[in-house]
Amino acid sequence: MTDTADTTGAAPEPGQPEPAMPLIRLTGVGKNYGNIIALRDVSLEASAGEVTCVLGDNGAGKSTLIKIVAGLHRHDTGTFEVQGEKVAFGSPREALDRGIATVYQDLAIVPLMPVWRNFFLGSEKRKGFGLMDIEFMRKTAHGEMAAMGIDLRDVDQPIGTLSGGERQCVAIARAVYFGAKALVLDEPTAALGVKQAGVVLRYIVQARERGLAVIFITHNPHHAYPVGDRFLILNRGQSIGYHAKAEITRDELTALMAGGRELEELAHELDTAGSSATAKQLTKEAKHLGLTDD
Amino acid sequence: MTSSAASGLAEPPVAGPGPDERLARQSLLRRLLGRPELGALLGAVALFAFFSIVADAFLEAGSFSTVLYAASTYGIMAVGVSLLMIGGEFDLSAGVMVTSAALIAALTAYQFTLNVWAGVVISLALTLALGMVNGLLYVRTKLPSFIITLATFFMLAGLNLGVTKALTGNVASDSVRDMDGFDSARWIFASDIDVLDALKIKITVLWWLLFVAIATWILLRTRVGNWIFAVGGSAASARAVGVPVARVKIGLFMGVAFCAWFSGMHLVFAFATVQSGEGVGNEFLYIICAVIGGCLLTGGYGSAIGAAIGAFIFGMTNKGIVYAEWNPDWFRFFLGAMLLIATVVNLIVRRRVERSS
Ligand SMILES: Nc1ncnc2c1ncn2[C@@H]1O[C@H](COP(=O)(O)OP(=O)(O)OP(=O)(O)O)[C@@H](O)[C@H]1O
Ligand SMILES: [Mg+2]
């Protein structure tokens, strides 16, 4: 679909896939929950040193899409390739082992546990005999957070007592620290204030510059546009646009997000209300903007 | 909340990231208030003082060892039950499982005229298998562990009686006192140890302390401990970051089974015969020990030391009422009242700590 994947930064190391081969590629992926079709025929690529944004309104299927990538769900149709190899993960552990780290909308943290225990949960550093290297883990958790510009008061603090942005950053720092090649972020800025969202966005850019492939899910085009290299727009489980940054302006992206849906809905409403002339006019407009799928 | 110990996971301060200036210096009291054991500790001190005053015999060395013995028999089970509870689950079959373990050892040894140690080993294998069945049923069906273990509780209670009657024609197992290996097994599971001239304590007290120490070490220092808190605090999150949730939960059910096996062996070698109807209702006493000790019913919070203090409170009340020469019928009333007080105190303490941030 896109051809302008200019890979900034991160010269590929020997042994790494060439830039032409995306780290993650979904082709025609679909997913049903029982009789609910959550996702239909969606394609997406994410390459090292790039940010791929997935936009869409509530319930559009964004979380479903990334849960497939993260190994929480298996896709029903289509193919999912990691470094050119077809995969279907049975558990998040398998995705992690492939270098795909996910920061979930609910962050996958255990609120009552201290920050450092959360940071290392599932990948605890050990000294032998199953004994944890607690001192190392506490220092590292503090250091990694400091490197992100977040000066934690106390790494023994239960993570549930951190602010939303701080929690988000712990989750991101954790993924980056454990050597993720691909970082998937589900609505990391949704619950944040302007300043905290800025911190998270800056961190996304940092991750890209470190050569990670980032998949950034959001419903805010103003957050997506400045950091994204490609944009996939979902609506009711279907792709209504997949564009490289060079192909689309911020206004078009915003229109696609908001206008597309609104115009369509309005057309439907008017249609049922009988004023078909106006509806046709609107549908035409929507088509002209490239908003509808047919 | 500024408490560094809000989930009972506090570590002794180590060199490294120093405290931040935004972190108001915590008084010792504040730090203590964040520990899950605190409520239980205060309760234990208060009860100790109370019984010392109302019951003259309570402070005698012999009474103290009786109290400790009572505490240990429940405390050993409370170790496994509290870990399971921190991991977010219940085991209502824990009480009768003790009897099952004891019966398995006594019946197999007697029926096949084996060395009792063979019975001990067979019982270990089968009791661990029982725990595994509980765990597997939970993991496979995703039903609440409350329901699953309620079912296994009744099944085991019925099996205990049914099998024993079928084999012995009696409600109790035949005595294994004269069988090979009884003395050495008794020495391990049910002997008396002279601490001082005047003070004899049961070996179960030492085992109890050992198990509490091991459980505490696992919880605070090992990876598995981290996983136990995590699967209890948020199983979905734990799974998402790669924690083998199913294996941890099955392991916790088997931990309870191990404690049940040990308690069962104590029964066999302390009394030589096992009453097949025993154990019913004890599962709640173990849960009470854990809850008094600060374990949260919803999981993810608590400590093995707390559960041990809970068991000690249980032992003191159990025997203190006798030494005070009250009608022992009151014991259950006191136990219920204490459970209520303990949970309310824990609730208040935790809210205080949370609000004072
Ligand atoms: N486990 C599930 N079972 C049944 N339906 C589900 C399940 N998870 C999601 N859905 C449905 O699938 C659709 C897509 O959900 P999804 O969570 O992917 O949306 P989203 O784009 O992430 O929305 P949001 O912006 O609110 O996070 C929704 O209609 C939702 O109701
Ligand atoms: Mg979502």
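Residues numbered from 1 in each chain as written. Chains lettered and ligands numbered in written order. Predicted model: local features only at pLDDT ≥ 70, side-chain atom pairs only at ≥ 80, totals over all residues. Heavy atoms only, no water.

Chain B is annotated in an unreviewed UniProt entry as Xylose transport system permease protein XylH from Actinomadura soli.

The name given to chain A in an unreviewed UniProt entry is Sugar ABC transporter ATP-binding protein, with Actinomadura soli as the source organism.

A. Here's a closer look at the pairing of strand E3 (residues 50-56) of chain A. All names here are of chain A. When you tally the buried positions in E3, you get seven out of seven residues, the bulk of the element. Taken together, the six bridges between E3 and strand E10 (residues 213-218) define a ladder with parallel strand orientation. Looking at the pairing, Thr52 lines up with Ile215 of E10. As judged from the five bridges shared by E3 and strand E11 (residues 230-235), these two strands associate in the parallel manner. (Buried < 20%, exposed > 50% of the residue type's maximum accessible area, 1.4 Å probe, protein only. Helix = DSSP H or I, 4+ residues; strand = E, 2+ residues; numbered from the N terminus. Pairing = 2+ DSSP bridges.)

B. Local environment of the interface of chain A and chain B. Tallying the contact residues gives 37 residues for chain A and 38 residues for chain B. In this assembly, chain A packs against chain B so that about 3200 Å² is buried in total across both faces, 60% of it on carbon and sulfur atoms. For chain A, the biggest contributors to the area lost against chain B are Leu112, Arg117 and Arg153 of chain A; these three give 19% of the whole. Where chain A touches chain B, the interface holds zero salt bridges. Inspection of the chain A/chain B interface yields six residue pairs in polar contact (both at pLDDT 80 or more). Elements with a contribution of two residues or more to the side of chain A that touches chain B: helix H2 (92-97), helix H3 (115-120), strand E8 (131-132) and helix H4 (134-147) of chain A. Per element, the largest residue contribution to the side of chain A that touches chain B is five residues, and it comes from H4 of chain A. Tallied by class, residues from the side of chain A that touches chain B come to 18 nonpolar, seven polar and 12 charged. (Contact = heavy atoms within 4.5 Å. Buried area = accessible area lost by both parts, 1.4 Å probe. Salt bridge = Lys/Arg side-chain N within 4 Å of Asp/Glu carboxyl O. Polar contact = N/O pair within 3.5 Å; in protein donor to acceptor, adjacent residues only side chain to side chain. Nonpolar A, V, L, I, M, F, W, Y, C, P; charged D, E, K, R; others polar.)

C. Region of interest: the pairing of strand E1 (residues 24-33) of chain A. Residue and element names in this part refer to chain A. With five bridges connecting them, E1 and strand E4 (residues 77-82) associate as antiparallel partners. By the bridge assignment for E4, Arg25 is matched with Glu81. Here seven bridges tie E1 to strand E2 (residues 36-46), and the two strands are oriented antiparallel to one another. Across the sheet, residue Tyr33 finds its bridge partner in E2, namely Ile36. The turn linking E1 back onto E2 is made up of two residues, and Gly34 within it adopts a positive phi angle of 60°.

D. Broad picture of the environment of Gly310 of chain B. Residue and element names in this part refer to chain B. In this structure, Gly310 sits in helix H13 (residues 304-323). For Gly310, a relative accessible area of 0% gives the class buried. Excluding residues that lie within four positions of it along the chain, Gly310 makes contacts with Cys289, Ile292 and Gly293.

E. Local environment of the packing of H4 of chain A against helix H5 (residues 164-177) of chain A. Residues and elements named next belong to chain A. Where H4 contacts H5, the axes come no closer than 10 Å and their chain directions differ by 110°. One finds that H4 runs roughly perpendicular with respect to H5. Of the two possible hands of crossing, H4 and H5 adopt the one that is right-handed. Together, Phe136, Thr140, Glu144 and Met145 of H4 and Glu166, Cys169, Val170, Ala173 and Tyr177 of H5 make up the contact between the two elements. (Axes fitted to C-alpha atoms, helices over the stretch in contact; angles between N-to-C directions. Parallel < 35°, antiparallel > 145°, perpendicular 65-115°, else oblique. Left-handed = near helix turned anticlockwise from the far one by under 90°.)

F. How the structure looks around the nonpolar core. Counting residues in hydrophobic clusters, the biggest one holds 110 residues, and the most contacted among them are Trp208 and Phe269 of chain B. The leading source of residues in this core is helix H11 (residues 245-271) of chain B, at 16 residues. Those residues in contact with Phe269 of chain B that lie beyond four places of it in its chain are Val116, Val120, Phe182, Ala185, Arg186, Phe189 and Ala190 of chain B. Counting 51 residues, the second largest nonpolar core, distinct from the first, contains Ala101, Ile204, Phe216 and Leu253 of chain A. (Core = buried A, V, L, I, M, F, W, Y, C linked by side-chain atoms within 4.5 Å.)

G. Region of the structure containing a nonpolar patch on the surface. Together, Phe50, Ile53, Val54 and Trp326 of chain B line one region of the surface with nonpolar side chains, adding up to about 370 Å² of accessible area. Topologically, Phe50 of chain B is positioned in helix H2 (residues 38-54). (Patch = residues over 30% accessible without salt bridge, like charges linked within 9 Å, V, L, I, M, F, W, Y side chains within 5 Å. Areas by Shrake-Rupley, 256 points an atom, 1.4 Å probe, with all protein chains shown as cover.)

H. Representation of the environment of Ala255 of chain A in the model. Of note, Ala255 of chain A is situated in helix H8 (residues 250-273). Note: C-alpha distance between Ala255 of chain A and Pro221 of chain A (34 residues apart in sequence) is 9.4 Å.

I. Structural context of the side chain of Asp133 of chain A. Residue and element names in this part refer to chain A. Note that Asp133 resides in the loop between E8 and H4. There is no salt bridge for the buried Asp133, and the closest opposite charge comes from Lys127, which lies 4.6 Å off by N-O distance. Asp133 has contacts with Lys125, Arg126 and Lys127, leaving out every residue within four places of it along the chain. (Lys, Arg positive; Asp, Glu negative; His and termini not counted.)

J. Local environment of unusual backbone geometry. Residue and element names in this part refer to chain A. At Asp41, a position not held by glycine, the phi torsion is positive, near 50°. Within the secondary structure, Asp41 sits in strand E2. Judged by its relative accessible area of 53%, Asp41 is exposed.

K. Geometry of the pattern of salt bridges. All names here are of chain A. Counted according to the given criterion, the structure contains 13 salt bridges over all chains. Its salt-bridge partner being Arg25, residue Glu81 comes within 4.0 Å of it at the nearest N-O pair. With Glu81 in strand E4 and Arg25 in strand E1, this pair connects stretches of sequence that are 56 residues apart. With relative accessibility at 14%, the residue Glu81 sits in the buried group. Put simply, Arg93 and Asp97 hold a salt bridge, and the shortest N to O gap is 3.6 Å. Separated by four residues within a single helix, Arg93 and Asp97 lie in helix H2, roughly one turn from each other.

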